[in-house]
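Tertiary structure, described
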Amino acid sequence: ISEAKSFSNAVLWTGYPGQSGGTALGEILYGITNPSGRLPMTFYPADYVNQISYGDMSMRTTPGRTYKFYTGKPVFSFGDGLSYTTFTMEWMSTLKNMVFTSEQLKRLGDIKYEVKVTNTGKLGGSVPVLAYVTSNVPGAPQKELFGFQKVYLEAGKSANLFFSTTPEVFSTVDVKGNREVKRGEFMIQIGQLKDTVFIK
């Protein structure tokens with residue numbers, strides 16, 4: 001797939017298309033259907049098989065496994081996908097650069113985010129909005145999905161989406177399987193938007 005990517009403007013990955021897969025592919029290629037899928041996996045470069053032993057099932061063994069721990073440059077990343085239209089996003093309500101202790105976070109419960117999504121292209125289409133958390137906490141995943149929503153919008157139309165982070169979103173699981181909220185800097189990324197939460 002790396003070779004195909006080098007001379008192609010786009011790659012259409014179909015997985016297991018099934019009985020009606022041919023019809024679905026034709027409708028996408030001829031513009032009848034606007035694609036909106038997102039990759040459910042990471043595509044590694046070909047030499048990845050030489051970098052990690054398949055007898056080692058640890059997620060964190062260098063260069064790591066899955067989008068959570070892979071530190072190399074993927075051919076395509078988990079969550080990648082294209083559309084025949086374009087979308088923009090903006091915060092509608094969120095507190096910027098919030099600072100909490102772990103106890104305050106537990107008492108607060110959910111932190112709520114509102115995002116306005118607008119179809120700025122000429123075609124109607126659906127967009128999956130993925131919500132991730134990243135942090136500088138040692139041992140934590142470099143990125144972790146905590147929510148997603150998919151919305152269909154006609155050209156020029158907008159919709160407001162709501163996401164929330166529970167205290168568990170900011171927790172890290174140690175090698176013994178214990179989950180704990182630790183001090184650190186956390187980046188909440190919802191679609192194209194980012195916000196920082198500090199836990200002290």
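Thresholds, definitions, all that
- Residues numbered from 1 in each chain as written.
- Predicted model: local features only at pLDDT ≥ 70, side-chain atom pairs only at ≥ 80, totals over all residues.
- Heavy atoms only, no water.
- Helix = DSSP H or I, 4+ residues; strand = E, 2+ residues; numbered from the N terminus.
- Buried < 20%, exposed > 50% of the residue type's maximum accessible area, 1.4 Å probe, protein only.
- Contact = heavy atoms within 4.5 Å.
- Areas by Shrake-Rupley, 256 points an atom, 1.4 Å probe, with all protein chains shown as cover.
- Patch = residues over 30% accessible without salt bridge, like charges linked within 9 Å, V, L, I, M, F, W, Y side chains within 5 Å.
- Salt bridge = Lys/Arg side-chain N within 4 Å of Asp/Glu carboxyl O.
- Core = buried A, V, L, I, M, F, W, Y, C linked by side-chain atoms within 4.5 Å.
- Polar contact = N/O pair within 3.5 Å; in protein donor to acceptor, adjacent residues only side chain to side chain.
- Phe/Tyr/Trp six-rings, centres within 6.5 Å; stacked < 30°, edge-to-face > 60°.

Description of the overall build of the chain
Secondary structure summary: the chain contains four helices and ten strands in total. Reported as C-alpha extents along the three principal axes, the dimensions of the chain are approximately 55 × 50 × 30 Å. Per-residue burial for the chain yields a buried fraction of 36% across its 200 residues. The contacts of the chain with a sequence gap of at least 6 include a subset with a gap of at least 24, amounting to 67%. Roughly 12,100 Å² of accessible area belongs to the chain as shown, and the carbon and sulfur atoms make up 54% of that amount.

Some thoughts on a nonpolar patch on the surface
Side chains of Leu12, Leu29, Tyr30 and Ile32 sit close together on the surface and give an oily, nonpolar patch of about 520 Å² of accessible area. Owing to a relative accessible area of 40%, Leu12 belongs among the partly exposed residues under this scheme.

What to know about the nonpolar core
Among the nonpolar cores identified, the biggest contains 30 residues, and Tyr113, Val117, Val129, Phe170, Ile190 and Val197 are the most heavily contacted of them. When contributions to this core are tallied by element, the ones reaching two or more residues are β1 (87-93), β2 (98-100), β3 (111-119), β4 (125-135), β5 (144-153), β6 (158-165), β9 (184-190) and β10 (193-199).

Brief notes about the side chain of Ser171
Looking at the element boundaries, Ser171 is found in strand β7 (residues 171-173). The exposure class assigned to Ser171 is buried, which follows from its relative accessible area of 9%. Of note is the side chain of Ser171, whose polar atom sits 2.6 Å from the backbone oxygen of Glu168. Not counting residues within four places of it along the chain, the set of residues in contact with Ser171 comprises Arg179, Glu180 and Val181.

Structural notes on the side chain of Ser126
Within the secondary structure layout, Ser126 lies in strand β4. Contact partners of Ser126, with chain neighbours within four places excluded, come to Ser36, Phe87, Lys150, Val151 and Tyr152.

Focus on unusual backbone geometry
Trans is the common state for peptide bonds, and a negative phi is the common state for residues other than glycine. The omega angle of the peptide bond from Thr62 to Pro63 is 10°, so this bond is cis rather than trans. At Thr66, a position not held by glycine, the phi torsion is positive, near 65°. Relative to the helices and strands, Thr66 resides in helix α3 (residues 66-69).

Describing the packing of aromatic side chains
The geometry of an aromatic ring pair comes down to the distance between the two centres and the angle between the two planes. What the rule picks out here adds up to nine aromatic pairs. A centroid spacing of 4.9 Å and a plane angle of 80° characterise the contact between Tyr44 and Tyr70, whose relative ring orientation is edge-to-face. Of this pair, Tyr44 sits in the loop between α2 (21-29) and α3 while Tyr70 sits in the loop between α3 and β1, and the two are 26 residues apart along the sequence. Judged by its relative accessible area of 25%, Tyr44 falls in the partly exposed class. Arranged with centres 5.6 Å apart and planes meeting at 80°, the rings of Tyr48 and Tyr70 form a pair that is edge-to-face. With a gap of 22 residues between them, Tyr48 in the loop between α2 and α3 and Tyr70 in the loop between α3 and β1 connect regions that are remote in the sequence. No difference in accessibility class separates Tyr48 from Tyr70, as the two residues are buried. An aromatic cluster is built from Trp13, Phe43 and Phe76, whose rings are joined through pairwise contacts.

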